[in-house]
Amino acid sequence: MTRNITRRTALAGLAAAAALPGIAKGETWPARPVTMIVPFPAGGNADALARSVAAELSVKLGQQFIVENRGGAGGNIGGSLVAHAAPDGYTLLFGTPAPIAMNKLMYKSMPYDPEKDFTPVALVAKSPLVIIASPKTSFKTIKEMADYARANPGKLNVGHPGNGTLGHITSVLLQRQLKINMTAVPYRGTAPLTVDILGGQVDVGMDFMTTYVPLVKAGKLKALAVTSAERAVNLPDVPTVQEAGFAGFEATAWYAIVAPAKTPAAIIDKINAASNGFLASENGKKVLLTFGMQAAGGTPADLNTYIASELKKWGPVIKEANISM
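Residues numbered from 1 in each chain as written. Predicted model: local features only at pLDDT ≥ 70, side-chain atom pairs only at ≥ 80, totals over all residues. Heavy atoms only, no water.

*Asks:* Would you take a moment to explain the environment of Ala 73 for this structure?
*Replies:* Inspection of the secondary structure assignment puts Ala 73 in the loop between β2 (65-69) and α4 (76-83). For the pair Ala 73 and Pro 99, spaced 26 residues apart in the sequence, the C-alpha separation amounts to 9.3 Å. Look past the residues within four positions of Ala 73 in its chain and what remains in contact with it is Asn 103 and Tyr 107. (Helix = DSSP H or I, 4+ residues; strand = E, 2+ residues; numbered from the N terminus. Contact = heavy atoms within 4.5 Å.)

*Asks:* I keep staring at the packing of helix α3 (residues 45-61) against helix α11 (residues 265-280) and nothing clicks. Help me out?
*Replies:* Think of two packed helices as two axes; the pair is described by the angle between the axes and how far apart they sit. Remark: α3 packs on α11, axes separated minimally by 9 Å, with the N-to-C direction vectors making an angle of 115 degrees. Considering their axes alone, α3 and α11 lie roughly perpendicular with respect to each other. Both α3 and α11 take part in a crossing whose hand is right-handed. Between α3 and α11, the residues in contact are Leu 49, Ser 52, Val 53, Glu 56, Leu 57, Lys 60 and Leu 61 and Lys 270, Ile 271, Ala 274, Ser 275, Gly 277 and Phe 278, respectively. Here the residues of the contact of α3 with α11 sort into seven nonpolar, three polar and three charged. (Axes fitted to C-alpha atoms, helices over the stretch in contact; angles between N-to-C directions. Parallel < 35°, antiparallel > 145°, perpendicular 65-115°, else oblique. Left-handed = near helix turned anticlockwise from the far one by under 90°. Nonpolar A, V, L, I, M, F, W, Y, C, P; charged D, E, K, R; others polar.)

*Asks:* Would you mind showing me how to read the nonpolar core here?
*Replies:* The tendency in soluble globular proteins is for nonpolar side chains to be buried side by side. Counting residues in hydrophobic clusters, the biggest one holds 81 residues, and the most contacted among them are Leu 49, Phe 94 and Met 145. The element that contributes the greatest number of residues to this core is strand β4 (residues 118-133), accounting for nine residues. Dropping the residues within four chain positions of it, Phe 94 is found in contact with Met 36, Ile 37, Val 38, Pro 39, Ala 46, Leu 49, Ala 50, Val 53, Val 124, Tyr 255, Ala 256 and Ile 257. With 17 residues, the next largest nonpolar core counts Ile 197, Val 202, Val 216 and Val 238 among its residues. (Core = buried A, V, L, I, M, F, W, Y, C linked by side-chain atoms within 4.5 Å. Buried < 20%, exposed > 50% of the residue type's maximum accessible area, 1.4 Å probe, protein only.)

*Asks:* It is not clear to me how the packing of aromatic side chains should be interpreted in this structure. Could you clarify?
*Replies:* Here a ring pair, both rings aromatic, is described through the centre-centre distance and the interplanar angle of the planes. Summed over the entire model, instances satisfying the criterion amount to five aromatic pairs. Plain terms: the ring middles of Trp 29 and Phe 65 are 6.3 Å apart, the flat faces sit at 85 degrees to each other, and that makes the pair edge-to-face. Within this pair, whereas Trp 29 is found in the loop between α2 (21-28) and β1 (34-38), its partner Phe 65 is found in strand β2, the two being separated by 36 residues in sequence. Accessibility assignment for this pair places Trp 29 and Phe 65 in one class, buried. On the basis of an interplanar angle of 80 degrees and a centroid distance of 5.7 Å, the ring pair of Trp 254 and Tyr 306 is categorised as edge-to-face. Within this pair, whereas Trp 254 is found in strand β9 (residues 252-260), its partner Tyr 306 is found in helix α13 (residues 300-321), the two being separated by 52 residues in sequence. For the pair shown, Trp 254 and Tyr 306 are each scored as buried. (Phe/Tyr/Trp six-rings, centres within 6.5 Å; stacked < 30°, edge-to-face > 60°.)

*Asks:* It is not clear to me how the pattern of salt bridges should be interpreted in this structure. Could you clarify?
*Replies:* Pairs can form between side chains of opposite charge whenever their charged atoms are close. The full count for this structure, using the stated rule, is 13 salt bridges. Residue Glu 115 pairs with Lys 104 through a salt bridge whose shortest N-O separation is 2.4 Å. With Glu 115 in helix α6 (residues 114-117) and Lys 104 in helix α5 (residues 97-106), the pair connects residues that are 11 residues apart, well separated along the chain. For Glu 320, the salt bridge goes to Arg 176, with nearest N and O atoms at 3.0 Å. With Glu 320 in helix α13 and Arg 176 in helix α8 (residues 166-178), this residue pair connects regions lying 144 residues apart in the sequence. Judged by relative accessible area, which is 39%, Arg 176 ranks as partly exposed. One connected set of salt bridges, linked through shared partners, spans Lys 104, Asp 113 and Glu 115. (Salt bridge = Lys/Arg side-chain N within 4 Å of Asp/Glu carboxyl O.)

*Asks:* Any chance you could explain the pairing of strand β7 (residues 204-208) here in plain terms?
*Replies:* On any regular strand, side chains alternate: one points to one face of the sheet, the next to the other face. Among the five residues of β7, four are classified as buried, and the element is accordingly described as predominantly covered. With five bridges connecting them, β4 and β7 associate as antiparallel partners. Bridge assignment links Ala 133 to a residue of β7, and that residue is Val 204. Here two bridges tie strand β5 (residues 157-160) to β7, and the two strands are oriented parallel to one another. Looking at β7, one finds that Gly 159 is bridged to Gly 205. (Pairing = 2+ DSSP bridges.)

Structural data, given as structure tokens:
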């Protein structure tokens, strides 16, 4: 009888261990290479930053972090792969607002629910937009632009790199906050938008900074403001929208790591600590400066709170603009 009790106890112990596979794996993780999916084609800012972070995590955590590009459907293809992956820490998403949060507000049909299917890991960086103006316009500041728009209703147009892009929804948010109306001019990307702003066919543009910094420094375009809470290091003389008198305004792209829901906390904490270490390192600072990005960092809970605030901020704006993908 004693043998039977001992056997039942052993079986119960094995059953309990089997019911907690995440804890067992978390103790030795990572024991093999980790796949970090970037839900966009190779060569963009998200891809470049992901590769820099992956290299740092490989060194810090002792296993190779392999970046895999799975673009398509505004990031939803890569996002879906991670959302439905095993929650064992071996498949991560290095994404942007679209697949981690915003697509839920714009797409009529989603293959996953980012709020339910992802576990926040680390907010890595933010990337501000720049509000630029054609050299043919008379205004030099956001306030002057707003005054001109009110005095000349219907005369100003605003270009952005495509429907549903951050440039698009930022233009809606700015007009809402400034209480002005401008005619939207969507483009297929940054290149044609830049050409038309330089030529004066478009009065104002809202887009990521990289392309426009040299044009602003050369005096070919006017930078009215940047959309982050802090000034951009590569355009230090350009004020933020908040500094221009519009409190609380912030619109930035951001780059974050998330994992499948139910990934063990021990694994999440290891990745978070290594990611924060990258941001504090000299190499990390150099990488972010190269891309014109601002370090973020913080805990997984901080990222969770930030994502919730982004959904709350952009939900009414996207609905008002009737943006549907």
